[in-house]
Amino acid sequence: MSEGNGARDSKMLHPELGDANGQGGAKLQHAEGASKNLQSRRREAQPSGAVIRGDRPVDQSEAANRFMAAPEHAKIHDERLWDLREKRDRQMHGIPEWEELRTLASEIKEHALTRLDHYLELFERNALANGIQLHWAKDAAEHNQIVLGIVRRHDAKRLIKSKSMLTEECGFREFMQTEGVEIIETDLGERIQQLDDEAPSHVVVPAVHKLRGDVAQVFAKTLGSDEDNDDPAYLAERQREATRPLILSAGIGMTGANFLVAESGGVVVCTNEGNADLSANIPPVHIVSAGIEKVIPRLDDLAVFIRLLSRSALGSPITQYTSHFRGPRLGGEMHVVLVDNGRSTRLGMEKFWTSLKCIRCGACMNTCPVFRRSGGLSYGATYAGPIGMIINPTFDPHKYSRLPFSSTLNGSCTNVCPVKINIHEQIAAWRQVMSETHEMPMMKKAMMAAAGRLLAQPALYRVAIAAADSALKHLPRFAVYNRLNSWGRQRELPAPPAETFHAWYKRNRGARK
Amino acid sequence: MRIGLFIPCYVDAFEPQVGIATLELLERLGLTVEYPFDQTCCGQPMTNTGCHAEAAATEALFVKNFSRYDYVVCPSGSCAHQVRFHLDAIPQTEAVTAVRAKTFELVEFLHDVLNIDAFPWAAFPHKVSLHNNCNALRGLKIASMSELNTPAFSKPRRLLEKVRGLEFVEIARPDECCGFGGTFSVFEEGVSARMGQDKVRDHVQAGAEYVTSSDSSCMIHQQGCAARAKIPLKFIHIAQILNGAMA
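Every value quoted in this text rests on a predicted model; they were computed, and no experiment measured them.

A short note on the pairing of strand 4 (residues 252–255) of chain A
Residue and element names in this part refer to chain A.
Logical step 1: The alternating pattern of strand 4 places Ile252 and Met254 and Gly253 and Thr255 on opposite faces, both of which are buried.
Logical step 2: Of the strand pairs in this sheet, strand 2 (residues 158–161) and strand 4 are connected by three bridges, and their pairing is parallel. In the strand pairing of strand 4, Ile160 is matched with Gly253.
Logical step 3: In the sheet, strand 4 pairs with strand 7 (residues 285–291) via four bridges, with the strands oriented parallel. Paired with Met254 across the strands is Ile287, a residue of strand 7.

Looking at the sheet that holds strand 10 (residues 333–339) of chain A
Residues and elements named next belong to chain A.
Logical step 1: Across the sheet, six strands lie side by side as 1-10-7-4-2-3; this open sheet has parallel pairing. What marks the edges here is a single partner per strand, and that holds for strand 1 (133–137) and strand 3 (182–185). Neighbour-to-neighbour, the strand axes of this sheet turn through a mean angle of 25°, independent of strand direction.
Logical step 2: Where strand 2 meets strand 3, four bridges bridge the pair, whose relative direction is parallel. Note on strand 3: the bridge partner recorded for Ile160 is Ile184.
Logical step 3: Running at roughly 170° to strand 10, helix 5 (residues 140–153) makes contact with strand 1, strand 2, strand 4, strand 7 and strand 10 of the sheet.

Considering helix 2 (residues 71–93) of chain A
Logical step 1: Compared with the 33 Å implied by 1.5 Å per residue over 23 residues, the 33 Å span of helix 2 of chain A between its first and last C-alpha is a close match.
Logical step 2: Counting buried positions along helix 2 of chain A yields 18 of 23 residues, so the element is predominantly enclosed.

Concerning the domain arrangement of chain B
Residue and element names in this part refer to chain B.
Logical step 1: One can read the domain layout of chain B as domain 1 (2–113) and domain 2 (127–242).
Logical step 2: Here the C-alpha centre of domain 2 lies 21 Å away from the C-alpha centre of domain 1.
Logical step 3: In this assembly, 26 residues from domain 1 lie in contact with 22 residues from domain 2.
Logical step 4: Sorting the residues of the side of domain 1 that touches domain 2 by element identifies helix 1 (9–14), helix 2 (16–28), helix 3 (44–48), helix 5 (77–86) and helix 7 (106–113) as the ones contributing at least two each.

Remarks on unusual backbone geometry
Note: most peptide bonds trans; most residues except glycine with negative phi.
Logical step 1: A positive phi angle, close to 60°, is found at His438(A), a residue other than glycine.
Logical step 2: Among the structural elements, His438(A) can be located in the loop between helix 18 (423–436) and helix 19 (442–455).
Logical step 3: Positive phi outside glycine occurs at Asn115(B), with the angle close to 50°.
Logical step 4: With respect to the secondary-structure elements, Asn115(B) resides in the loop between helix 7 and strand 5 (127–131).
Logical step 5: The exposure class assigned to Asn115(B) is exposed, which follows from the 7 C-beta atoms found within 10 Å.

Some remarks on the interface of chain A and chain B
Logical step 1: On the side of chain B, 63 residues touch chain A, which itself brings 60 residues to the contact.
Logical step 2: The dominant element in the side of chain A that touches chain B, judged by the number of residues it contributes, is helix 19 of chain A, at seven residues.

A few points about the packing of helix 1 (residues 60–68) of chain A against helix 11 (residues 189–205) of chain B
Logical step 1: Contact pair helix 1 of chain A / helix 11 of chain B: the axes reach a minimum separation of 8 Å and the direction vectors enclose 45°. Of the possible angle classes, the one that applies to helix 1 of chain A and helix 11 of chain B is oblique. Across the interface between the two elements, Ser61(A), Ala64(A), Asn65(A) and Met68(A) of helix 1 of chain A pack against Gly190(B), Val191(B) and Arg194(B) of helix 11 of chain B.
Logical step 2: Counted by class, the contact of helix 1 of chain A with helix 11 of chain B contains three nonpolar, three polar and one charged residues.

Here's the deal with the environment of Arg43(A)
Logical step 1: With respect to the secondary-structure elements, Arg43(A) resides in the segment before helix 1.
Logical step 2: For Arg43(A) and Gly213(A), which are 170 residues apart along the polypeptide, the C-alpha to C-alpha distance reads 7.4 Å.

What about the sheet that holds strand 3 (residues 71–74) of chain B?
Residues and elements named next belong to chain B.
Logical step 1: Taken in spatial order, the four strands of this open sheet run 2-1-3-4, and their pairing is parallel. Since the sheet does not close on itself, it has two edges, and those belong to strand 2 (32–34) and strand 4 (103–105), each with one partner. Neighbour to neighbour, the strand axes of the sheet diverge by 35° on average, direction disregarded.

About the thresholds
- Residue numbering note: each chain is counted from 1, following its sequence as written.
- Numbering of ligands from 1 and lettering of chains from A proceed in the order in which they are written.
- Only residues with pLDDT of at least 70 are given local features in this predicted model, and only at 80 or more are side-chain atom pairs given and counted; all residues enter the totals for whole chains, interfaces and linings.
- Exposure classification rests on a simple neighbour count of other C-beta atoms within 10 Å of a residue's own: a residue reaching 20 or more is buried, one at 12 or fewer is exposed, and one in between is partly exposed. C-beta atoms are placed from the backbone.
- Secondary structure elements follow DSSP: runs of H or I no shorter than four residues count as helices, runs of E no shorter than two count as strands, and numbering proceeds from the N terminus.
- Note: two strands are recorded as paired if DSSP finds a minimum of 2 bridges between them.
- Note on geometry: axes are lines fitted to C-alpha atoms, helical ones only across the stretch in contact, with angles between N-to-C directions running from 0 to 180 degrees.
- Two residues qualify as being in contact provided that their C-beta atoms, derived from the backbone, are within 7 Å of each other.
- Here the expected length of a helix is defined as 1.5 Å per residue gap, with one fewer gap than residues.
- For each domain, the first and last residues come from an automatic or database assignment.
- In these notes the angle categories are as follows: under 35 degrees is roughly parallel, over 145 is roughly antiparallel, 65 to 115 is roughly perpendicular, and the rest is oblique.
- Put simply, Ala, Val, Leu, Ile, Met, Phe, Trp, Tyr, Cys and Pro go in the nonpolar bin, Asp, Glu, Lys and Arg in the charged bin, and everything else, Gly too, in the polar bin.

As structure tokens, then:
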């Protein structure tokens, strides 16, 4: 983590809050969103994420409101991610063929997804030929059991892993803990989240919702560091000292996969910390967990994605490490677990299958004005932000029935998506699904039905407008601005005009034509 | 050429001067403009909320009102976008597809259909921040978008450049949504208002006296935020400036 002093003064939306300096510490300008630090005597508590009550619908806006009620967290979160968006834009302008690359990436993914059986079998043949042991998991439980089986066969007590959204999706860490296997995350952000017993809030920068003070508190509690020292270099060093010995003596190493290359049977993992290489190369056994949608046909295709991935994600030309794993090391073992967990069902959904093109760059989160103001934990799901709004309901349409409404449908997510997923259109399509499958609150549905009836009857509509204008004009302020009127909580209502356009036209342009 | 004037429900109820300016501007350009009395709305509030079936009767009424015109012109990109891209809760008869194809947002209509390149009657000697509604921007593509690596252009800006004395100011996050979002503004009030406050702040820091847009919905929202914070920022629809409003 770095909280470099990178945002330009002119771009600060809240200069009155930011009296900042860099506060020292290494600046990873290319790898992290910069934001100014606030000077504050009292430490602001980190807001927690969405309240989860079993299968009941997650209330994103409730959690978002709590996030915004913590002004330092809200401000820095917004600025860090906007900074990533600006860096992305600069990288994009350095590539004249950017839009063609996006089209190409989209076409390659659509090609592979519509021939998924073929490419997965090709990958399997080539991986086996390379000496990789291949496993197929139909769901999260099977994935976890397969990995546990490998761990048990090697009688391992500790497993180190790099960040993988798929393992989050599978509840892997919790499962292994109940089986008595110690898991050590090697990605710094993910390690922070693990130590704080929190899910990642973002697919690329998992602890981006935390301030350095929050990290100092987590490390003080779990690693025994100085609670009052929030210098990033100090914190990173303490974590490294505490975790390195555990990494060096781990029995099993695990990584995710950014890409599976069918023609070579190889796995490609992109990181900035080199931590996937630690996970893959230090222990004698390397397990790769990969969703089946990660397969691409050829090594040549990879170039298209590598050019887009880090530029879209962090606004850097490339990740520090792009590691190719094609087979086990001499004397070692390499396993690939190919996981479906709902993906083949999603592939059959006419309006939503293209969400499988996602390469998990997080650009849609960085640009999303709602995500930036809400924090990723407000979505209460493995995948936050715009992409999460269209993926999570495929896992549980009831629990995630309200998520598609946490969007203004502004479309910026679709425009930044390097594989051209029509994210905002899919968000709108999910709203329709929720409405038609009775996953919408009754009150909201009833309001919409009433509006639809009224707007279809011009005469009644005119009476209603006159009554509403009259109410605005004549009711006392306390009757208009109350808790039932959510518009008026933080906004003024427009002043009612002397007459509607309709009335003006009638008066000035004569009778009905 | 017969023009059907479509006045969005919120313009009718809250911003009649925007409707009047649109009408006068089109008439000034020599067009025959009619306002069908039985119009109400394009159906967007329901569609936007996922309630397509509930929008069907409103959509049918829209088609009935506007079928007889050569063009339908509307001072809102959001509503024009709804008609052109989402008016599909009813059977797509020839009449329906015809109305959808001939419905234009005012800026598009002036720029693409009429090719107007002068507004000799218009002067607006003020510092102005231009706000594009997201549906107008990313749906109707009235301007190039900051997320895409495509040649820069802006139809509203090209029109406003013909107005004497008007000076543009540039905000830090030009294409950032202001948080109105239709029913989002009431169902997700907290984030909506925060986005509006941030947008207003951005305009103020850029030195804007006025904000202009081809959509009143975004401006009603932003004006509400500015008014609550007692920020003396002024809002004016692009139709009013082009029609020669002297501020």
